[in-house]
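Chain and residue survey
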Amino acid sequence: MADKEVLLLDGETMRRTLRRLAHEIIEKNSDLSNVILVGILRRGASLAGILSEEIGNIEGVAVPVEFLDITFYRDDLERKTEVSNFPSAGADIFSRDISDRDVIIVDDVIFTGRTVRAAIDAVMSRGRPRRIQLAVLIDRGHRELPIRPDYVGKNVPTSLEEKITVRCEEYDGEQNVVLSKK
């Protein structure tokens, strides 16, 4: 960890938090066979995999995980940008049909809500789910859009000068959540 970072969740606490989120997902979704977890690349996808594993450990049900690249759906990119500049843009993002399924979008941190808006657009472009829910590990506030997660691991009120970083084992070699100054 860098000198100015404050540890919010260590690896074990992060795992316990994801286990609790898995229990909440189970409680709110009586038919887990209809649920698909959709992890926003990169760290949301990693967290979706952990949630699926936890649900499997608790209920013995394999909840499928799909990965979502929202690059092409973001509203903060210049409109002049060519689709061909994004290798995954326009590619099939789901190997399963999502029509009439309960889709749970998974992300690491919710801040303004713009990433989630892009994810919803991406999901809707691939089919019409029965419903869409949102699970996030960290909610730091400062929403610009009227988006509220259904499942929140930890609320961390922050200033605009602060940054939250979620580290996942497969990308960062460690698993934790830290707060730092920008």
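Here we take up helix 2 (residues 43-59). Because an α-helix packs 3.6 residues into every turn, residues spaced three or four apart end up facing the same way. The first and last C-alpha atoms of helix 2 sit 24 Å apart over 17 residues, in line with the 24 Å expected at 1.5 Å per residue. Summarising the contacts, the buried residues of helix 2 are in contact with helix 1 (11-28), strand 2 (35-40), strand 3 (65-68), strand 4 (102-110), strand 5 (131-139) and helix 4 (169-172). One or two steps after helix 2, the chain reaches Gly-60, where phi turns positive at roughly 70 degrees.

Next up on the list: helix 3 (residues 114-124). For helix 3, the full list of buried residues reads Val-116, Ala-118, Ala-119, Ala-122 and Val-123. Here the buried residues of helix 3 occupy an arc of 160 degrees about the axis, which is enough to place them on one side. Against strand 2, strand 3, strand 4 and strand 5 lie the buried residues of helix 3.

Considering all chains together, one arrives at one aromatic pair under this definition. Their ring planes at 80 degrees and their centres at 5.8 Å tell us that Phe-72 and Tyr-73 sit as a pair that is edge-to-face. Sitting above the plane of the Phe-111 ring, Arg-140 keeps its charged end 3.9 Å from the centroid.

To continue, consider the sheet that holds strand 4. Strands sit in the order 3-2-4-5-6 across an open sheet of five strands; the sheet is parallel. The sheet is open, and its two borders are formed by strand 3 and strand 6 (151-155), each paired with just one other strand. The mean inter-strand angle of the sheet, taken between neighbouring strand axes irrespective of direction, is 25 degrees. Sheet analysis places strand 4 next to strand 5, joined by eight bridges and oriented parallel. By the bridge assignment, Val-103 is partnered in strand 5 with Ile-132. Sheet strands touched by helix 3: strand 2, strand 3, strand 4 and strand 5. Its angle to strand 4, the strand with the most contacts, is close to 155 degrees.

What follows concerns the pairing of strand 5. In terms of burial, strand 5 is largely enclosed, as seven of its nine residues are buried. As a crossover connection, the stretch from strand 4 through helix 3 into strand 5 is right-handed. Relative to strand 6, strand 5 runs parallel, the two being bridged by four bridges. Paired with Val-136 across the two strands is Val-152, which belongs to strand 6.

It is the contact of helix 1 with helix 2, at a shortest axis distance of 9 Å, that shows an interaxial angle of 65 degrees. Regarding helix 1 and helix 2, the two cross each other, and that crossing is right-handed. The residues of helix 2 that touch helix 1, namely those facing Met-14, Arg-15, Leu-18, Arg-19, Leu-21, Ala-22, His-23, Ile-25 and Ile-26, are Leu-47, Ile-50, Leu-51, Glu-53, Glu-54, Ile-55, Ile-58 and Glu-59. Residues of the contact of helix 1 with helix 2, tallied by class, amount to 11 nonpolar, one polar and five charged.

Reading the values: the criteria
Residues numbered from 1 in each chain as written. Predicted model: local features only at pLDDT ≥ 70, side-chain atom pairs only at ≥ 80, totals over all residues. Heavy atoms only, no water. Helix = DSSP H or I, 4+ residues; strand = E, 2+ residues; numbered from the N terminus. Expected span 1.5 Å × (residues − 1). Contact = heavy atoms within 4.5 Å. Buried < 20%, exposed > 50% of the residue type's maximum accessible area, 1.4 Å probe, protein only. Arc of directions from axis to C-beta. Phe/Tyr/Trp six-rings, centres within 6.5 Å; stacked < 30°, edge-to-face > 60°. Lys NZ or Arg CZ within 6 Å of the ring centre and 35° of its normal. Pairing = 2+ DSSP bridges. Axes fitted to C-alpha atoms, helices over the stretch in contact; angles between N-to-C directions. Right-handed = clockwise from strand over helix to strand, strands pointing away. Left-handed = near helix turned anticlockwise from the far one by under 90°. Nonpolar A, V, L, I, M, F, W, Y, C, P; charged D, E, K, R; others polar.

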